[in-house]
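Architecture and fold: a report
Residues per chain are reported as follows:
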Amino acid sequence: MLAGLGRAVRSKWLLPVPLGRRTGRSAPQVWLWRNAGAWRGWEGAPYSTLVPSDEVTINYRHGLPVITLMLPTRSERCQFTVKPVVTTVGAFLQDVQREDKGVERAEVFATDGSKVSHATLMEILLMNDFKLVINNTEYSVSPPVKDKLNSEHATEMEDIKSLVHRLFVALHLEDHQIRKERELLQKVDHLKEELLPLEQMKARIINSADAKTSRLLWVGLALMSTQGGALAWLTWWVYSWDIMEPVTYFITYGTAMAFYAYFVLTKQDYIYPHAKDRQFLHYFYRKSKKQHFNVERYNKLKDDLAEAEESLRRLRQPLHLRLPIQEINDKD
């Protein structure tokens, strides 16, 4: 009886989709019914069904995954061959948008609703189910399970990869080293050209600062000799030791106070070599400021030159050049 009522309802209420609304490939229409109290009060309204999950298919061809999906603007299916180890999710979505300019939104979500980063490799994405959103349409994608290689086959593949890598290194390593060495040599020459005028200016400033520092040391020695001679003359020729003893005591105490003040100001002990270096740097930076010598730029160029020379030295190491043991020993 229910089956008969169903046929009666379908024959009375189901109407074909108007031809004027069919543009391209329209979505299938299903009539849903709302109960108004009695069968005669049932009303129908069309609603579009969700896009089936098989609208996006993935199959492997020649070992590479081929993703087939429907382009919304062109209403045609398009295949995208991806390289799982190299291609990222962002690159795949950009390919889709370039293929169909009408794609304004293209994103990938995990099954739990979290968004997949564009930097994720397609190899990682194809390991589990995911959702592909194009504009306002959501596709549920279930990648096929790829057969795992057995241990023997996997070992053979690793051996082949290692052999290909060794062949590539043997064919291209020498050219790469020569090209890299040429680039480093050009960089070293360029840095040395920039450093040449700075080195000349630095040498002149160092000579001037060193001369002033030495002059200051000799002046200090002369003052100390003069002080000693004055105290001796006052002790034995002018006054007696009873009078000069308190004077020498306060002179010694004043010298100790001067050394302590040096420590308070510089946070360093008054050691003669350190004091000389400090005075040298004082003269050096003051002279550099007058002659517009850029110390920061000079230090940066020196660091870049040292880094380039170190890279060149490492590039020329015998082990990197794969020289025989005899040649290595001869170089040592």
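Residues numbered from 1 in each chain as written. Predicted model: local features only at pLDDT ≥ 70, side-chain atom pairs only at ≥ 80, totals over all residues. Heavy atoms only, no water.

1. Details of the pattern of salt bridges
Across all of its chains, the model carries eight salt bridges by this definition. In this structure, Asp95 and Arg98 form a salt bridge, with 2.3 Å as the shortest nitrogen-oxygen distance. Taken as a pair, Asp95 and Arg98 lie in helix 2 (residues 89-99) at a separation of three residues, close to a single helical turn. A relative accessible area of 30% places Asp95 in the partly exposed class. The partner of Glu310 in a salt bridge is Arg313, and the shortest N-O contact between them spans 2.4 Å. One end of the pair is Glu310 and the other is Arg313, both in helix 7 (residues 295-315) and three residues apart, which spans about a single turn. Its relative accessible area of 35% is what places Glu310 among the partly exposed residues. Salt bridges here are not isolated pairs; linked through shared partners, they connect Arg105, Glu107 and Lys115. (Salt bridge = Lys/Arg side-chain N within 4 Å of Asp/Glu carboxyl O. Helix = DSSP H or I, 4+ residues; strand = E, 2+ residues; numbered from the N terminus. Buried < 20%, exposed > 50% of the residue type's maximum accessible area, 1.4 Å probe, protein only.)

2. Describing the sheet that holds strand 5 (residues 76-81)
For sheets, the rule is that strands pair by backbone hydrogen bonds, running either parallel or antiparallel. The strand order across the open sheet built from three strands is 3-4-5, with neighbouring strands paired in antiparallel fashion. Unpaired on one side and paired on the other, strand 3 (57-61) and strand 5 mark the two borders of the sheet. Taking each pair of neighbouring strands and ignoring which way they run, the sheet shows an average axis angle of 30°. The pairing of strand 4 (residues 64-71) with strand 5 spans six bridges and is classified as antiparallel. By the bridge assignment, Leu71 is partnered in strand 5 with Glu76. Strand contacts of helix 2: strand 4 and strand 5, with the helix running at about 145° to strand 5, the strand carrying the most contacts. (Pairing = 2+ DSSP bridges. Axes fitted to C-alpha atoms, helices over the stretch in contact; angles between N-to-C directions. Contact = heavy atoms within 4.5 Å.)

3. Points about the pairing of strand 6 (residues 106-110)
The side chains of a regular strand alternate, first on one face of the sheet and then on the other. Of all five residues in strand 6, four are buried; the element is thus mostly enclosed. The pairing of strand 6 with strand 7 (residues 130-134) spans five bridges and is classified as antiparallel. Residue pairing across strands places Val108 opposite Leu132, the latter belonging to strand 7.

4. Description of the sheet that holds strand 7
In spatial order, the strands read 6-7-8; together these three strands make up an open sheet with antiparallel pairing. Lying at the two open borders of the sheet, with one neighbouring strand each, are strand 6 and strand 8 (137-141). On average, each strand axis in the sheet is inclined to that of its neighbour by 25°, with strand direction left out of account. Where strand 7 lies against strand 8, five bridges are found, and the strand directions are antiparallel. Residue pairing across strands places Phe130 opposite Val141, the latter belonging to strand 8. Running over the sheet, helix 2 touches strand 6 and strand 7 and is turned about 140° from strand 6.

5. A word on the environment of Leu198
Within the secondary structure, Leu198 is located in helix 4 (residues 151-238). In this structure the C-alpha to C-alpha distance between Leu198 and Tyr298, which are 100 residues apart in sequence, comes to 6.9 Å.

6. Focus: the packing of aromatic side chains
In the structure shown here, the tally under the stated rule is six aromatic pairs. For the ring pair Phe284 and Tyr285, a centre distance of 5.6 Å and an interplane angle of 90° mean the geometry is edge-to-face. In this structure an aromatic cluster arises from ring pairing among Phe280, Phe284, Tyr285, Phe293 and Tyr298. (Phe/Tyr/Trp six-rings, centres within 6.5 Å; stacked < 30°, edge-to-face > 60°.)

7. Notes on the UniProt feature "transmembrane region" (unreviewed entry) in the protein
In the numbering adopted here, UniProt assigns the feature "transmembrane region" (unreviewed entry) to residues 216-235 and 247-265. Between the end C-alpha atoms of residues 247-265 the distance is 27 Å, and the span holds 100% helix and 0% strand. (UniProt positions renumbered as here; feature names shortened; annotations may be inferred.)

8. Thoughts on the confidence of the model for the protein
The predicted model of the protein averages 75 in pLDDT, with 75% of residues at 70 or higher. Per-element mean pLDDT across the protein ranges from 38 in helix 1 (residues 2-13) up to 90 in strand 6. In this model, residues 1-54 is a region of pLDDT below 50 whose contacts with residues beyond four sequence positions or in other chains number 45 contacts. Counting contacts from residues 323-332, a segment whose pLDDT is below 50, to residues more than four positions away or on other chains yields six contacts. (pLDDT = per-residue confidence, 0-100.)

9. Focus on the environment of Phe263
Tracing the sequence through the fold places Phe263 in helix 5 (residues 241-266). Of the residues examined, Phe263 reaches a relative accessible area of 38% and is grouped as partly exposed.

10. Looking at the nonpolar core
Counting residues in each nonpolar core, the largest one holds 25 residues, and the members touching the most others are Leu69, Phe92, Val108, Phe130 and Leu132. Among the elements of the structure, strand 4, strand 5, helix 2, strand 6, helix 3 (122-125), strand 7 and strand 8 are those that each provide at least two residues to this core. Beyond its immediate chain neighbours, meaning those up to four positions away, Leu132 contacts Val56, Leu69, Leu93, Glu107, Val108, Thr137, Glu138, Tyr139 and Val141. Leu198, Tyr283, Phe293 and Tyr298 belong to the second-largest nonpolar core, a separate cluster that totals 15 residues. (Core = buried A, V, L, I, M, F, W, Y, C linked by side-chain atoms within 4.5 Å.)

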